[in-house]
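# Results of the structural survey
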Amino acid sequence: GTTDLRLIIAGGWYHKVAENVEYLEELKQLVVAEGLQLVVWFMPSISTEVKQLLLQTARVFLYTPPSEHFGIVPVEAMCCG
């Protein structure tokens, strides 16, 4: 059922970039406001091993950068199955 599903927002975060810090906080506040704390998880800094595990076990992969010129992350996702 849907209680088994999670939205995991992982990686792509660097604490020294103010925009990253502000946006993460905004997303966290939105999750709380909508009561979604049990199904939306934030993992802003992850190891390569954790990233591979997440990609291997994901049912869906969503990649949203509007101006990414290289796109290595979708390639990594495809390699993980």
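Preceding this paragraph is the structure being described.
Attention here is on the structure that accompanies the text. (Residues numbered from 1 in each chain as written. Predicted model: local features only at pLDDT ≥ 70, side-chain atom pairs only at ≥ 80, totals over all residues. Heavy atoms only, no water.)

This part takes up the overall build of the protein. Across its full length, the protein carries three helices and two strands. Helices (α) and strands (β) of the protein occur, in sequence order from the N terminus, as β-α-β-α-α. The dimensions of the protein, computed from C-alpha atoms along their principal axes, are 35 × 35 × 25 Å. Among the 81 residues that make up the protein, the fraction classed as buried is 9%. Expressed as a percentage of contacts within the protein between residues at least 6 apart in sequence, the contacts between residues at least 24 apart total 54%. When the accessible surface of the protein is summed, it comes to about 6700 Å², and 59% of that surface belongs to carbon and sulfur atoms. (Helix = DSSP H or I, 4+ residues; strand = E, 2+ residues; numbered from the N terminus. Buried < 20%, exposed > 50% of the residue type's maximum accessible area, 1.4 Å probe, protein only. Contact = heavy atoms within 4.5 Å. Areas by Shrake-Rupley, 256 points an atom, 1.4 Å probe, with all protein chains shown as cover.)

Turning our eyes to something else, we now look at the pairing of strand 2 (residues 40–43). Sheet analysis places strand 1 (residues 7–10) next to strand 2, joined by four bridges and oriented parallel. Across the sheet, the residue bridging to I9 is F42, located in strand 2. For the crossover that starts at strand 1, traverses helix 1 (residues 18–33) and ends in the parallel strand 2, the hand is right-handed. (Pairing = 2+ DSSP bridges. Right-handed = clockwise from strand over helix to strand, strands pointing away.)

What follows concerns the pattern of salt bridges. This model, assessed by the stated rule, comprises one salt bridge. For K51, the salt bridge identified is with E76, shortest N-O distance 2.9 Å. Here K51, found in helix 2 (residues 48–57), pairs with E76, found in helix 3 (residues 72–80); they are 25 residues apart in sequence, far enough to count as distant. On the accessibility criterion, E76 (24% relative accessible area) is partly exposed. (Salt bridge = Lys/Arg side-chain N within 4 Å of Asp/Glu carboxyl O.)

Two numbers describe how helix 2 lies on helix 3: the axes approach to 8 Å, and their chain directions differ by 65 degrees. If you check the angle between helix 2 and helix 3, you find them roughly perpendicular. When the axes of helix 2 and helix 3 are compared, the crossing they make is right-handed. On helix 3, the residues that touch K51, Q52, L55 and Q56 of helix 2 are E76, A77 and C80. (Axes fitted to C-alpha atoms, helices over the stretch in contact; angles between N-to-C directions. Parallel < 35°, antiparallel > 145°, perpendicular 65-115°, else oblique. Left-handed = near helix turned anticlockwise from the far one by under 90°.)

Looking now at the packing of aromatic side chains. Given two aromatic rings, their pairing is described by the distance between the two centres and the angle made by the two planes. All chains considered together, the criterion is met by one aromatic pair. For the pair F61 and Y63, a centre-to-centre distance of 6.3 Å together with 10 degrees between the ring planes defines the contact as stacked. (Phe/Tyr/Trp six-rings, centres within 6.5 Å; stacked < 30°, edge-to-face > 60°.)

All right, on to a nonpolar patch on the surface then. On the surface, F70, I72, V75 and M78 cluster together into a nonpolar patch covering about 430 Å² of accessible area. Mapped onto the secondary structure, V75 falls in helix 3. Judged by its relative accessible area of 38%, V75 is partly exposed. (Patch = residues over 30% accessible without salt bridge, like charges linked within 9 Å, V, L, I, M, F, W, Y side chains within 5 Å.)

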